[in-house]
Amino acid sequence: MLLVAAVLASAGCAAAKVPAAGTGGSPPVVSAVTPAPGAPGTIGRGARIAVFPVQNVSGNAASSREVTEDLKKSLAARTVSLQDDPPLDRFLEKRRVRFTGGLTRELGGAFRSELGVDAVLIVSLDLYEAADPPKIGITARLVSTGEETAILWADGTFLSGNGSPGLLGLGLVTDPGVLKARALDAIAGSLEGYLAGRKKAPRGGDAPEAGGGPGYRSKHLPRGLYRQPDVRMIPGQNPVKVAVLPFLDRSARPYAGELMANHFLRELVRWSSVEVVEPGVVRLALLRSRLIMEGGLSFPQADLLGELLGVDYVVTGEVMDYQDPQGYEGTPYAEFSVYVIDVKRRQVVWMSSSYNRGDDRVVLFDWGKTYTAGAMVSEMVRAVTDRFLR
Amino acid sequence: MTHRPSFCDAAGKTMRKSGIILLALAVLTGCASTRGGEVTYHDSNMDFGSLQSVAVMPFANLTPNTNAAERVRDVFITMLQATGAVYVLPPGEVGRGISRTSLATPAAPTPEEVMAFSKIVKADAVISGVVREYGEVRSGTTSSNVISVSLRMMEARTGKVVWSASSTRGGITTVDRLFGGGGKPINAVTEEAVKDLLDKLFAK
C-alpha cells in the first residue's frame, strides 16, 4: 500500500513538474529563436511592433480577434511597445492586406516608411479545441520591416488540458480560457525575453543546444533518411539561404501542409548557419510566377525559386497524417516526409521520413506521453533538422 | 514365419511419425504465411550497376485505403535513396515528367512512354508499382496489418522490364491466432515489405 502511494505520489510530482508553457506532459516545445549572426534588423526592447491579426489554421472555429486582443494585452503588460490599432487598421485597409500569415518585402518597406514600425509579429492559431479537454497551439514569429524582412524570433507552444494531470487529476484544465491565457503568456514571455536580450539558444554557434540537450527524444528521430555526404553547414561562414515551401498535404487535417512548413521554419531559424526566407516573400514569389506544385517541387520550379529568392536550398515534403486526439482517450499521430533540394546542383541532398504516435515507448503512468500533434511534430522536426544540419 | 518387430522397425515407425508431424507443421506454417508465391525477375543481361538515377512513378492503388499508394511510394523513395546506390528523382520532378509526356496511366506506362518520360527527367530507369493490400485484416477476433506490393523496373533506353518483384508482409500468424495480439503497426509492416523489395532489387 505504501509502495503504491509512493509511486502515485512520484507520478503526481513528475507530472506537476511540467512547465506551464510546455507541451502538456512532454518536454517543452518552446523554441525561442535567435537571429543568424549578422542578420539585419536585430531589435531590442524599445522597438515598435505591429501585431498582425491572428491567422486561424486550426481547422476549428475560434475567435481570432479575441486571441489577437488578448495577446496584445499580454504584450502591453510586459511593456512591449506596440503599434496603435487605428493607424494599423487604416494601413492594412489601405494596402488591402488580407493575408496575415506573412510579410512581403513591399509591405515591410511600407510598414517602416509609413508607420515607423520596426517589426511585425505574425501569429498563427495552429490548434484550438474548446471541448474537454481543451487544446491550444499558438505559434508566432517576429519579422523585421524594411526591405530585408528577416525573421528575428520565432516560437510556439502547444498545450492540452490533460497534459499535466498531477496527483489525483488536480492539474487538469477544463477551461479553454485558462489554457489560452497560459499559451499567450508563454509566447509573450518568450518575445519579451528576446527583446530584453535573453536568449534561450546560443547565438552564432553551430547547433543550438536548448538546455544542454538536443531538444528531442531518440524516438522522434526519422525512420529512414538519406543525407548527401558532402553537405555541411559551416558555422562562421555565410549562412545558407533556405526557402521552406508548404508541404504537399495528403492528410485529413486542414492546413497540415502549412503547419508542417511552419514547424520546419521555426526549427531552421534556430540555426546560425541558416537564413530562412520569410514565408510571405516565398508566397508572393509563388503567386507572381504562377507556380503550382502538383505532386511536389520540380527542378525547373526550384531553379525559378533560386532565381527569384536567391536561395541555396528549398525544403519541402509531404504530410501523410497530422492528427490530434479527441477527448481524453487517443493519442496524436503524425507522419511526414521531407526533402531538401540543392538549387544550384539540382539535387536532393536530404530525404527522410518520420512517423510517431504520442504514446510511443510509453509504458508506465503516461510518462513521456505527448498530448498534441503540434508538440510531437516539433520534436520530430527538430530531430530532422538536427540530423541534417549537424 | 512370423515377423518379430526389431529395434530398426520401431525406430523407423518413430521417424515416420516425426516426419508426418514435421510435414503437418510445415504445411500449417505454409498456410499461415502470407509470403507464398512471391517471385523475382532479374534481367540477366542488365547491368544494374550502371543505373545512376531512378524515377519512381506513382503506384497504382488496389486497396480501399485512398492514400495507400502514396504512403508506400513515399516510404519506398526514402528507403531507396537511403541505400545510396542510386539517385532517386524527387516526386515533383517525376510529376513534371508525367505532365510533360501526358501520361494517362503513370502507374503502368508503356515502353514508349517510359522512353519519352526518361528523356525529359533524365532518368536511367523507371520504377512503377501496384499496392494490392494495405491495412487491417481480420480473422475471428484477431486482427493484424498486412501489405502486399508489386514493383517493376523498366530500363529508360528500351522501356523493357528489367526487374520485377513482389512482397507481402504482416498478416495474421498462427501465434496471433493462438495468443491474440494486434500485429505490427502498418508503418512497420510497410518498412519490412520495402526492405524486402530492396533486398530483392540489390540481390545478385
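Parameters and conventions
- Residues numbered from 1 in each chain as written.
- Chains lettered and ligands numbered in written order.
- Predicted model: local features only at pLDDT ≥ 70, side-chain atom pairs only at ≥ 80, totals over all residues.
- Helix = DSSP H or I, 4+ residues; strand = E, 2+ residues; numbered from the N terminus.
- Contact = placed C-beta atoms within 7 Å.
- Buried ≥ 20, exposed ≤ 12 C-beta atoms within 10 Å, placed from the backbone.
- Arc of directions from axis to C-beta.
- Nonpolar A, V, L, I, M, F, W, Y, C, P; charged D, E, K, R; others polar.
- Domains from an automatic or database assignment.
- Axes fitted to C-alpha atoms, helices over the stretch in contact; angles between N-to-C directions.
- Parallel < 35°, antiparallel > 145°, perpendicular 65-115°, else oblique.
- Left-handed = near helix turned anticlockwise from the far one by under 90°.
- Pairing = 2+ DSSP bridges.
- Expected span 1.5 Å × (residues − 1).
- Core = buried A, V, L, I, M, F, W, Y, C linked by C-beta atoms within 7 Å.
- pLDDT = per-residue confidence, 0-100.

What to know about the overall build of chain B
What chain B contains, in helices and strands, is 6 helices and 7 strands. Long-range contacts, defined here as pairs at least 24 residues apart, represent 66% of the contacts in chain B between residues at least 6 apart.

Regarding the environment of A:S273
Assignment of secondary structure puts A:S273 in the loop between α6 (256-268) and β9 (274-276). Distance from A:S273 to A:Q237, taken between C-alpha atoms, is 7.4 Å for residues 36 residues apart in sequence.

Here's the deal with helix α8 (residues 299-309) of chain A
The set of residues buried in α8(A) consists of A:Q301, A:A302, A:L305, A:G306 and A:L309. Buried positions in α8(A), seen along its axis, are confined to an arc of 145° and lie on one side of it. Next to the buried residues of α8(A) lie β7 (240-244), α7 (279-288), β10 (313-323) and β11 (333-342) of chain A together with α3 (91-101) of chain B. Remark: A:G310 follows α8(A) within two positions and exhibits a positive phi of approximately 65°.

Description of the interface of chain A and chain B
Listed as interface residues are 24 residues of chain A and, on the opposing side, 18 residues of chain B. Listing elements by their share of the side of chain A that touches chain B, those giving two or more residues are β6 (224-227), α8, β10, β11 and β12 (347-357) of chain A. For the side of chain A that touches chain B, the element with the most residues is β12(A), which contributes 5 residues. Its residues assigned to classes, the side of chain A that touches chain B comprises 12 nonpolar, 8 polar and 4 charged.

Overview of the domain arrangement of chain A
Residues and elements named next belong to chain A. Under the domain assignment used here, chain A contains domain 1 (19-195) and domain 2 (210-389). In this structure, domain 1 and domain 2 have C-alpha centres spaced 21 Å apart. Counting residues at the interface gives 32 residues for domain 1, matched by 35 residues for domain 2. Put simply, the parts of the chain that give the side of domain 1 that touches domain 2 at least two residues each are β3 (119-129), β4 (135-144) and β5 (151-160). Top element by residues in the side of domain 1 that touches domain 2 is β5. It accounts for 5 residues.

What to know about the packing of α6(A) against helix α9 (residues 373-389) of chain A
Residues and elements named next belong to chain A. Orientation of α6 relative to α9, taken along the N-to-C sense of each, is 55°, at an axis distance of 9 Å. On the basis of the axis angle, α6 is oblique to α9. Between α6 and α9 lies a crossing whose hand is right-handed. Across the interface between the two elements, H263, F264, E267 and L268 of α6 pack against V377, S378, V381, R382 and T385 of α9. Residues of the contact of α6 with α9, tallied by class, amount to 4 nonpolar, 3 polar and 2 charged.

Topic: the packing of α3(B) against helix α4 (residues 111-121) of chain B
Residues and elements named next belong to chain B. Orientation of α3 relative to α4, taken along the N-to-C sense of each, is 125°, at an axis distance of 9 Å. In terms of axis orientation, α3 runs oblique to α4. As α3 runs across α4, the sense of the crossing is right-handed. Listed contacts from α4 to E93, V94, G97, R100 and T101 of α3 are E113, A116, F117, I120 and V121.

Some points on the pairing of strand β6 (residues 142-155) of chain B
Residue and element names in this part refer to chain B. With respect to burial, β6 is a largely interior element, 11 of its 14 residues being buried. Between strand β5 (residues 125-139) and β6, which pair antiparallel in sequence order, lie 2 residues; one of them, G140, sits at a positive phi of approximately 65°. Across 9 bridges, the pairing between β6 and strand β7 (residues 161-170) is antiparallel. Within β7, the residue paired with R152 across the bridge is S164. A loop of 5 residues connects β6 with β7, the two strands running antiparallel in sequence, and G159 in this loop sits at a positive phi of about 80°.

Brief notes about the environment of A:R141
All names here are of chain A. Structurally, the position occupied by R141 is in strand β4. Among the residues examined, R141 registers 27 C-beta atoms within 10 Å and is labelled buried. Leaving out residues up to four positions away in the same chain, R141 has contacts with I122, I151, W153 and A154.

Section: helix α6 (residues 186-202) of chain B
Spanning 17 residues, α6(B) covers 24 Å between terminal C-alpha atoms, matching the ideal 24 Å at 1.5 Å per step. Turning to α6(B), its buried residues number three or more, namely B:I186, B:N187, B:V189, B:T190, B:E191, B:A193, B:V194, B:L197 and B:L201. Where the residues of α6(B) are buried, they touch β12 of chain A together with α2 (68-83), β5, β6 and β7 of chain B.

Considering the nonpolar core
Within the largest apolar cluster, 104 residues are counted, with the highest numbers of intra-cluster contacts made by A:V120, A:L121, A:V242, A:A243, A:V244 and A:V314. Broken down by element, this core gets its largest block of residues, 10 residues, from α9(A). Split by domain, this core shows at least three residues from each of two domains, domain 1 (19-195) and domain 2 (210-389) of chain A. Apart from the residues lying within four places of it in its own chain, the contact partners of A:V120 are A:A50, A:F52, A:L103, A:F111, A:V143 and A:T145. Among the nonpolar cores identified, the runner-up in size contains 42 residues, and B:I77, B:I127, B:W163 and B:V189 belong to it.

Here's the deal with the environment of A:I43
Residue and element names in this part refer to chain A. If you trace the backbone, I43 turns up in the loop between α1 (2-16) and β1 (49-51). With 18 C-beta atoms packed within 10 Å, I43 lands in the partly exposed category. Leave out the neighbours within four places in its chain, and I43 touches D118, A119, S144 and L152.

Quick look at unusual backbone geometry
Residue and element names in this part refer to chain A. Cis geometry is adopted by the peptide bond preceding P133, which originates at D132 and carries an omega value of -5°. Relative to the assigned elements, P133 resides in the loop between β3 and β4. One non-glycine residue, T149, lies in the positive phi region at around 40°. Here T149 is to be found in the loop between β4 and β5.

Considerations on the confidence of the model for chain B
Reading predicted coordinates in detail is not appropriate for stretches of low pLDDT. All names here are of chain B. Confidence in the prediction of chain B, expressed as mean pLDDT, is 84, and 80% of residues score 70 or more. In this model, residues 26-36 is a region of pLDDT below 50 whose contacts with residues beyond four sequence positions or in other chains number 8 contacts. Confidence metrics for the complex model read pTM 0.82 and ipTM 0.75.

Quick look at the pairing of β5(A)
Residue and element names in this part refer to chain A. Of all 10 residues that make up β5, 10 are buried, and the element is covered over most of its length. Where β4 meets β5, 9 bridges bridge the pair, whose relative direction is antiparallel. Residue L142 lies in a different strand from β5, and its bridge partner there is W153. Hairpin connection between β4 and β5: a loop of 6 residues separates the two successive antiparallel strands, and G146 in this loop has a positive phi of roughly 85°.

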